[in-house]
Amino acid sequence: MSTRPRVLTLSCPDRPGIVHAVTGALVALDANITESQQYGDPDTGLFCMRVAFDATASEEALRANLEVVAHRFDLDWKLSAADEPVPTLVMCSKQGHCLNDLLFRHRSGHLPVDIRAVVSNHTDLQPLAQFYGIPFVHVPVVTGDAASKAAGEARLLELVAEHGAELVVLARYMQVLSDDLCRSLSGRAINIHHSFLPSFKGARPYHQAHARGVKIIGATAHYVTADLDEGPIIEQEIERVDHRATASELVRLGQDVEARTLARAVRWHAEQRVLLDGNRTVVFR
Ligand SMILES: Nc1nc2c(c(=O)[nH]1)N[C@@H](CN(C=O)c1ccc(C(=O)N[C@@H](CCC(=O)O)C(=O)O)cc1)CN2
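Remember, it's a predicted structure, so these values are computed and weren't measured experimentally. (Residues numbered from 1 in each chain as written. Predicted model: local features only at pLDDT ≥ 70, side-chain atom pairs only at ≥ 80, totals over all residues. Heavy atoms only, no water.)

Colleague: In this structure, what is going on with the UniProt feature "domain: ACT" (unreviewed entry) in the protein? I would like to understand it.
Modeller: The positions UniProt marks with the feature "domain: ACT" (unreviewed entry) are residues 7-80. Helix makes up 34% of residues 7-80 and strand 42%, and the two end C-alpha atoms of the span are 5 Å apart. (UniProt positions renumbered as here; feature names shortened; annotations may be inferred. Helix = DSSP H or I, 4+ residues; strand = E, 2+ residues; numbered from the N terminus.)

Colleague: Mind showing me how you'd approach the state of the cysteines here?
Modeller: Per the counting criterion, the structure on display carries zero disulfides. Just so you know, cysteine 12 is unpaired, no disulfide at all, and the nearest cysteine sulfur is the one on cysteine 48, 8.3 Å from it. Looking at the unpaired cysteine 98, the closest cysteine sulfur is the one in cysteine 92, lying at 10 Å. Taking the relative accessible area as the measure of exposure, cysteine 98 reaches 1% and is therefore buried. (Disulfide = S-S within 2.5 Å. Buried < 20%, exposed > 50% of the residue type's maximum accessible area, 1.4 Å probe, protein only.)

Colleague: I keep staring at the side chain of glutamine 175 and nothing clicks. Help me out?
Modeller: Within the secondary structure layout, glutamine 175 lies in the loop between β8 (167-170) and α6 (179-184). Given the relative accessible area of 12%, glutamine 175 is considered buried. Among residues more than four places away in sequence, those in contact with glutamine 175 are Asn121, Val141, Thr143 and Lys149. (Contact = heavy atoms within 4.5 Å.)

Colleague: Would you explain the domain arrangement of the protein in this entry?
Modeller: Reports of interface size often rely on the accessible area that becomes lost once the parts have come together. For the protein, the domain assignment lists domain 1 (4-81) and domain 2 (86-283). Taken together, the contact between domain 1 and domain 2 spans 14 residues of the former and eight residues of the latter. With both sides pooled, the region where domain 1 packs onto domain 2 buries about 850 Å², and carbon together with sulfur makes up 50% of that total. Looking only at domain 1, the three residues that lose the most surface to domain 2 are Tyr39, Cys48 and Arg50, adding up to 39% of its buried area. Linking domain 1 to domain 2 there are five residue pairs in polar contact (both at pLDDT 80 or more). Of all the elements in the fold, those that place two or more residues in the side of domain 1 that touches domain 2 are β1 (4-13), β2 (32-40), β3 (46-55) and β4 (76-81). Ranked by residue count, the leading element in the side of domain 1 that touches domain 2 is β3, at four residues. (Domains from an automatic or database assignment. Buried area = accessible area lost by both parts, 1.4 Å probe. Polar contact = N/O pair within 3.5 Å; in protein donor to acceptor, adjacent residues only side chain to side chain.)

Colleague: Sorry if this is basic, but what is going on with the UniProt feature "active site" (unreviewed entry) in the protein here?
Modeller: Mapped onto this numbering, the UniProt entry gives "active site" (unreviewed entry) at Asp229. Turning to its location among the elements, aspartate 229 is positioned in the loop between β10 (216-223) and β11 (233-240). With relative accessibility at 11%, the residue aspartate 229 sits in the buried group. Once residues lying within four places of it in the same chain are set aside, the contact partners of aspartate 229 are Asn191, His193, Leu197, Lys201, Gly202 and His222. A polar contact of 2.9 Å, which involves the side chain of aspartate 229, links it to the backbone nitrogen of glycine 202.

Colleague: For this particular structure, what's the right way to read a nonpolar patch on the surface?
Modeller: A contiguous nonpolar patch, built from Phe196, Ile216 and Ile238 and spanning about 240 Å² of accessible area, is present on the exposed surface. One can find isoleucine 216 in strand β10. A relative accessible area of 36% places isoleucine 216 in the partly exposed class. (Patch = residues over 30% accessible without salt bridge, like charges linked within 9 Å, V, L, I, M, F, W, Y side chains within 5 Å. Areas by Shrake-Rupley, 256 points an atom, 1.4 Å probe, with all protein chains shown as cover. Salt bridge = Lys/Arg side-chain N within 4 Å of Asp/Glu carboxyl O.)

Below you can see the structure in the form of structure tokens.
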């Protein structure tokens with residue numbers, strides 16, 4: 001039988017013996033562990049672990065062995081194939097810098113995702129998706145019109161189901177998602193906010209920052225939750241600025257920071273490197 005690369009991620013109440021039990025269950029099936037990281041949070045008592053391994057054993061055999069450990073240690077666990085790109089939808093509005101970056105990295109084979117479609121509430125970025133040969137779906141949303149927003153979100157969920165999307169990336173998508181949609185996409189919707197959160201939440205953060213006279217701007221990639229821009233932070237990056245930069249120049253300077261930050265967050269999520277620890281993340285980079 002051929003060897004397949006896999007990734008096991010888990011979290012559980014911390015106690016002695018977890019690593020020994022988990023690695024023992026894998027080695028008992030001749031798995032070769034290629035990467036192993038773990039962290040015990042002293043504040044929450046949560047233990048997180050990520051194990052990458054090669055195994056010829058069947059998925060069923062691996063799961064059977066791991067179920068025994070899961071029962072003993074009350075694991076919340078996930079076993080993934082490491083050689084299958086994650087089916088993904090990318091959502092955008094009118095700003096194309098993050099979408100462009102993701103599509104280029106995807107085309108270059110540098111992102112372990114399978115971008116099934118670009119979904120937008122505007123048509124401005126349809127040519128960009130077409131250039132990369134990615135289906136573009138226009139889902140208009142009239143701001144302030146509840147029926148329009150509900151219909152748009154229903155269409156998005158249809159697209160998630162149609163494409164088997166396991167990840168939704170908000171690449172400067174400028175509509176607030178409803179609480180219900182956030183629940184449906186919990187832990188699998190990533191947004192890029194164009195500020196170094198928790199500073200400057202909400203709309204026009206660069207203009208807020210310019211008015212405050214900041215000397216650093218930044219970007220934050222986070223999971224989407226019902227609390228706007230409050231979701232668990234996955235990755236952040238900053239850039240120095242000074243008094244000479246206008247608000248428009250901050251917007252321009254921030255674009256590359258946003259794109260790099262989002263790309264790292266998407267890659268780490270797709271590689272199963274991000275685990276949730278309450279409203280924080282543990283990132284096994
Ligand atoms: N439920 C959530 N939805 C969204 C989040 C989130 O964290 N939770 N992140 C935002 C992105 N975002 C800032 O990064 C943001 C987007 C949109 C708005 C906003 O006020 N939008 C208006 C419409 C604006 C327009 O039509 O141009 C609105 O939805 O009424 C604020 C912040 C993505 N969604």
